[in-house]
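Fold and geometry: a report
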Amino acid sequence: MSVPTVIVHRDADMLAKAVAARVITRTVDAQSAKGSASLVLTGGTVGTATLAEIAASPARDAVDWRNLDLWWGDERFLPDGDPERNETGARRALLDHVDVDPARVHPMRGPDSGMTVEESAEAYAEELRRAARPEDHGPAPSFDVMMLGMGPDGHVASLFPGMPALYDERPVVAVHGSPKPPPIRVSLTLPVIRNSREVWVVVAGEDKAGAVRLALSESGPMQVPAAGARGRQRTLFLLDRAAASKIPSSLSRISSP
Ligand SMILES: O=C1O[C@H](COP(=O)(O)O)[C@@H](O)[C@H](O)[C@H]1O
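Keep in mind that what you see is a predicted model, and the values were worked out from it rather than measured. (Residues numbered from 1 in each chain as written. Predicted model: local features only at pLDDT ≥ 70, side-chain atom pairs only at ≥ 80, totals over all residues. Heavy atoms only, no water.)

Glancing now at the overall build of the protein. Looking only at helices and strands, the protein features 6 helices and 11 strands. By the compact-globule yardstick of 18 Å for 257 residues, the protein fits well, its C-alpha radius of gyration being 17 Å. A burial count over the protein gives 55% of its 257 residues as buried. With an accessible surface of roughly 10,700 Å², the protein has 53% of that area assigned to carbon and sulfur atoms. Placing the 29 positive and 33 negative side-chain charges of the protein at their respective mean positions leaves the two points 5 Å apart. (Helix = DSSP H or I, 4+ residues; strand = E, 2+ residues; numbered from the N terminus. Rg over C-alpha atoms; globule rule 2.2 N^0.38 Å. Buried < 20%, exposed > 50% of the residue type's maximum accessible area, 1.4 Å probe, protein only. Areas by Shrake-Rupley, 256 points an atom, 1.4 Å probe, with all protein chains shown as cover. Lys, Arg positive; Asp, Glu negative; His and termini not counted. Charge placed at Lys NZ, Arg CZ, Asp CG, Glu CD.)

Put into structure tokens, the structure is as follows:
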């Protein structure tokens with residue numbers, strides 16, 4: 001597992017622009033190396049702002065959108081089109097504006113599918129299993145980039161502090177009683193997150209500065225789930241200055257003064 005690199009941008013707006021540029025570059029690099037790329041999207045404020053910045057960037061046309069697999073790290077268990085769904089935010093911000101292949105966009109199913117949340121988690125696990133190749137060494141693809149937002153409590157995806165899901169070996173779990181509404185969710189688990197080639201934890205805001213410090217410390221994932229979010233080849237903590245305000249300056253690289 002990789003040791004995190006911390007990169008700090010001036011503010012949330014600059015952070016979203018910089019992460020958007022990174023996503024475009026990383027996707028183009030992966031596509032030129034192997035023909036396609038796989039990205040895991042996150043919901044949340046900066047995650048969705050990043051997708052809007054990708055849509056607004058002239059460089060987005062460098063991406064071969066038809067040869068891109070898009071997955072989600074977590075989803076709120078709500079019907080299709082609900083504004084609280086991470087998928088809805090991603091479609092409005094980006095996916096409705098680029099030529100993605102609908103067969104390669106992989107949303108997690110909600111209650112309108114007729115599934116329970118447990119069945120939705122199992123169906124997603126099955127979809128991941130079908131997409132995994134032998135070289136992924138696991139029940140899910142080894143994604144090129146897994147983007148994760150983080151809450152002030154240190155949660156990533158829908159893995160909240162103290163939840164048994166943090167020890168779950170299955171690739172996808174149903175979450176009941178999320179402390180952040182809505183209470184019912186579907187989430188990838190830490191083994192799948194950690195099998196990604198790159199994990200990018202993208203965080204803005206002073207209210208998250210304490211959790212960022214703990215996520216970069218020796219804390220265990222049970223206390224601070226983001227402390228367990230590490231990629232196989234690379235882990236980036238992409239922060240704005242406010243989110244970085246409680247980490248030692250020796251840890252961070254300032255990218256946009
Ligand atoms: O509920 C969620 O929260 C996190 C962080 O969201 P933010 O609005 O505080 O940035 C997000 O990463 C996750 O995907 C989402 O379901």
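Glancing now at the packing of helix H1 (residues 12-34) against helix H2 (residues 45-56). Between H1 and H2, the shortest axis-to-axis distance is 8 Å and the interhelical angle comes to 60 degrees. By the criterion of interaxial angle, the relationship of H1 to H2 is oblique. The element H1 and its partner H2 pack so that their crossing is right-handed. Between H1 and H2, the contacting residues are Asp 13, Leu 15, Ala 16, Lys 17, Val 19, Ala 20, Val 23 and Ile 24 on the first element and Val 46, Ala 49, Thr 50, Glu 53 and Ile 54 on the second. Per-class residue counts for the contact of H1 with H2 are 9 nonpolar, 1 polar and 3 charged. (Axes fitted to C-alpha atoms, helices over the stretch in contact; angles between N-to-C directions. Parallel < 35°, antiparallel > 145°, perpendicular 65-115°, else oblique. Left-handed = near helix turned anticlockwise from the far one by under 90°. Contact = heavy atoms within 4.5 Å. Nonpolar A, V, L, I, M, F, W, Y, C, P; charged D, E, K, R; others polar.)

If you check the shell around the ligand, you find 13 residues, and the closest are Thr 45, Asp 74, Arg 76, Lys 180 and Lys 208. Contact between the ligand and Gly 149: an oxygen atom at 3.4 Å from a main-chain N or O atom of the residue. Residue Arg 185 places a side-chain N or O atom 3.0 Å away from an oxygen atom belonging to the ligand. Expressed as a share of its isolated accessible area of 400 Å², the protein-covered part of the ligand is 92%. Considered class by class, the residues forming the shell around the ligand number 1 nonpolar, 7 polar and 5 charged. (Near = heavy atom within 4 Å. Polar contact = N/O pair within 3.5 Å; in protein donor to acceptor, adjacent residues only side chain to side chain.)

Another aspect to go through is the packing of aromatic side chains. For the structure shown, the criterion picks out 2 aromatic pairs. Judged by centre distance (5.8 Å) and plane angle (80 degrees), the ring pair of Trp 71 and Tyr 124 falls under edge-to-face. With a gap of 53 residues between them, Trp 71 in strand S3 (residues 68-72) and Tyr 124 in helix H4 (residues 117-131) connect regions that are remote in the sequence. Each member of the pair, Trp 71 as well as Tyr 124, is classed as buried. Taken together, a centroid distance of 6.0 Å and an interplanar angle of 55 degrees make the contact between Trp 71 and Phe 143 tilted. Linking Trp 71 in strand S3 with Phe 143 in the loop between H4 and strand S6 (145-148), this pair joins segments that are 72 residues apart in sequence. Like Phe 143, Trp 71 is buried. (Phe/Tyr/Trp six-rings, centres within 6.5 Å; stacked < 30°, edge-to-face > 60°.)

Below, the discussion takes up the nonpolar core. Formed by 80 residues in total, the largest nonpolar core has its most connected members in Met 150, Leu 188, Trp 200 and Leu 239. When neighbours within four sequence positions are excluded, Leu 239 is seen to be in contact with Val 6, Ile 7, Val 8, His 9, Leu 15, Val 203, Val 212, Ala 244 and Ile 247. (Core = buried A, V, L, I, M, F, W, Y, C linked by side-chain atoms within 4.5 Å.)

Looking now at the UniProt feature "domain: Glucosamine/galactosamine-6-phosphate isomerase" (unreviewed entry) in the protein. The UniProt feature table records "domain: Glucosamine/galactosamine-6-phosphate isomerase" (unreviewed entry) at residues 11-235. Counting secondary structure, residues 11-235 comes out at 31% helix and 16% strand; the distance between its end C-alpha atoms is 21 Å. (UniProt positions renumbered as here; feature names shortened; annotations may be inferred.)

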